[in-house]
Amino acid sequence: MRKTATLTITLLAAAALLTGCGSEKKDAGPAKEPAAPSASASGAAKGSTAKNKGVPHQVVFEVGGTGAAQVMWNGNSNHFDQVALPWTKTESMQLVDAELKVGVTVSVVPGSVKDADGMLVPAPCSIKVDGKQVADNQGGKSAEPCKYKLTD
């Protein structure tokens, strides 16, 4: 009984401490609502108000090898996933507004695979834009990721 009471008091004390952490917020009056983003800023993020649009491009990310590997790729957004090899991902990309002037870097970072000697080496990767190969890592001989600056 005594052990149960001690345990209960200890748990209640820990809960009170955890609940109280960070609660030293002083009341400075009524809460202010965060300012709403301007219509142009929020629309541009969604792509709905983009005034200038480039031509659509088909971007193909490829990682070779056998087995499975971690792969990170940047296209329309950033992705990181465990994939079965060989692996291919196709995305349609269209540059808008400032991207038309500066471009967008697309990339794929392959994980490691075992070579013929059982050593871990970078998996081979490549990027194709509109059917043309624009980047590779020399069949896995380079430790650099495959990357390309997409422009119109």
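Preceding block: the structure.
Along each chain, the written sequence defines residue order, and numbers are assigned to residues from 1. Owing to the predicted nature of the model, reporting of local features is limited to residues with pLDDT of at least 70; listing and counting of side-chain atom pairs is limited to 80 or more, with chain, interface and lining totals taken over all residues. The basis for every side-chain value is the complete set of heavy atoms in the structure, and neither hydrogens nor water enter the calculation.

Enquirer: In this structure, what is going on with the overall build of the chain? I would like to understand it.
Expert: Within the chain one finds 3 helices and 8 strands. A helix here means a DSSP run of H or I that spans at least four residues, while a strand means a run of E at least two residues long, and both kinds are numbered starting from the N terminus. Element order for the chain, N to C, with α for helix and β for strand: α-α-β-β-α-β-β-β-β-β-β. The burial tally for the chain puts 26% of its 152 residues in the buried class. By definition in these notes, contact holds between two residues if any of their heavy atoms fall within 4.5 Å. A separation of at least 24 residues holds for 53% of the contacts in the chain among residues at least 6 apart in sequence. The accessible surface values rely on the Shrake-Rupley method and a 1.4 Å probe; as for residues, cover is taken only from the protein chains in view. With the model as given, the accessible surface of the chain reaches about 10,900 Å², and the carbon-plus-sulfur share is 57%. Each residue's exposure class comes from its accessible area (1.4 Å probe, protein chains only) as a fraction of the maximum for that residue type: buried when under 20%, exposed when over 50%, partly exposed otherwise.

Enquirer: What's the story with the state of the cysteines in this structure? I'm lost.
Expert: A covalent bond between the sulfur atoms of two cysteines is referred to as a disulfide. A pair of cysteine sulfur atoms is labelled a disulfide when the two atoms are within 2.5 Å. Here the structure, examined in full by the defined rule, presents 1 disulfide. The side chain of Cys 125 participates in a disulfide bridge whose partner is Cys 146; the two sulfur atoms lie 1.9 Å from each other. Handedness here is read from the sign of the S-S torsion; for Cys 125 and Cys 146, about 95°, the answer is right-handed. You can see Cys 125 sitting in strand β6 (residues 125-129) and its partner Cys 146 sitting in strand β8 (residues 146-150), a full 21 residues away along the chain. There is no split in this pair, since Cys 125 and Cys 146 are both buried.

Enquirer: Which parts of the structure should I look at to understand unusual backbone geometry?
Expert: In this chain, Leu 85 is followed by Pro 86 through a cis amide linkage whose omega measures -5°. The phi torsion at Asp 130 lies on the positive side, around 50°, for a residue other than glycine. Within the element layout of this structure, Asp 130 appears in the loop between β6 and β7 (132-136). In this structure, Gln 138 takes a positive phi of about 50° despite not being glycine. Accessibility expressed as a relative area gives 48% for Gln 138, which makes it partly exposed.

Enquirer: I tried to follow the pairing of β6 on my own but got confused; where do I start?
Expert: With 4 of its 5 residues buried, β6 lies for the most part within the structure. Being paired, for any two strands, means DSSP has found at least two bridges between them. The pairing of strand β1 (residues 53-74) with β6 spans 5 bridges and is classified as antiparallel. Paired with Val 60 across the strands is Lys 128, a residue of β6. Pairing of β6 with β7, which is carried by 4 bridges, proceeds in the antiparallel orientation. In the strand pairing of β7, Val 129 is matched with Lys 132. What sits between β6 and β7 in their antiparallel hairpin is a turn of 2 residues, with Asp 130 showing a positive phi close to 50°.

Enquirer: Sorry if this is basic, but what is going on with the packing of aromatic side chains here?
Expert: To describe a pair of aromatic rings, you give the distance between the ring centres and the angle between the ring planes. Two aromatic rings, drawn from Phe, Tyr or Trp (for Trp, its six-membered ring), form a pair once their centres lie within 6.5 Å of each other, and the interplanar angle then sorts them: stacked below 30 degrees, edge-to-face above 60, tilted otherwise. Counting across every chain of the model gives 1 aromatic pair. With a centroid separation of 4.9 Å and 55° between ring planes, the pair formed by Trp 73 and Trp 87 is classed as tilted. Of this pair, Trp 73 sits in strand β1 while Trp 87 is found in strand β2 (residues 78-96), placing the two residues 14 residues apart along the sequence. Taking the relative accessible area as the measure of exposure, Trp 73 reaches 7% and is therefore buried.

Enquirer: So what exactly am I meant to see when it comes to the nonpolar core here?
Expert: General note: in soluble globular proteins, nonpolar side chains tend to be found buried as a group. Put simply, a nonpolar core is a bunch of buried Ala, Val, Leu, Ile, Met, Phe, Trp, Tyr and Cys residues held in one set by side-chain atoms that sit within 4.5 Å of each other. Counting 22 residues, the largest nonpolar core has Val 59, Phe 61, Val 63, Trp 87, Val 108 and Ile 127 as its most contacted members. If you list the elements that add at least two residues to this core, you get β1, β2, β3 (104-110), β6 and β8. Considering every element that reaches this core, the biggest residue donor is β1, with 6 residues. Setting aside residues up to four positions removed in sequence, Phe 61 forms contacts with Trp 73, Asn 74, Gly 75, Trp 87, Thr 88, Lys 89, Glu 91, Val 106, Ser 107, Val 108, Ser 126 and Ile 127.

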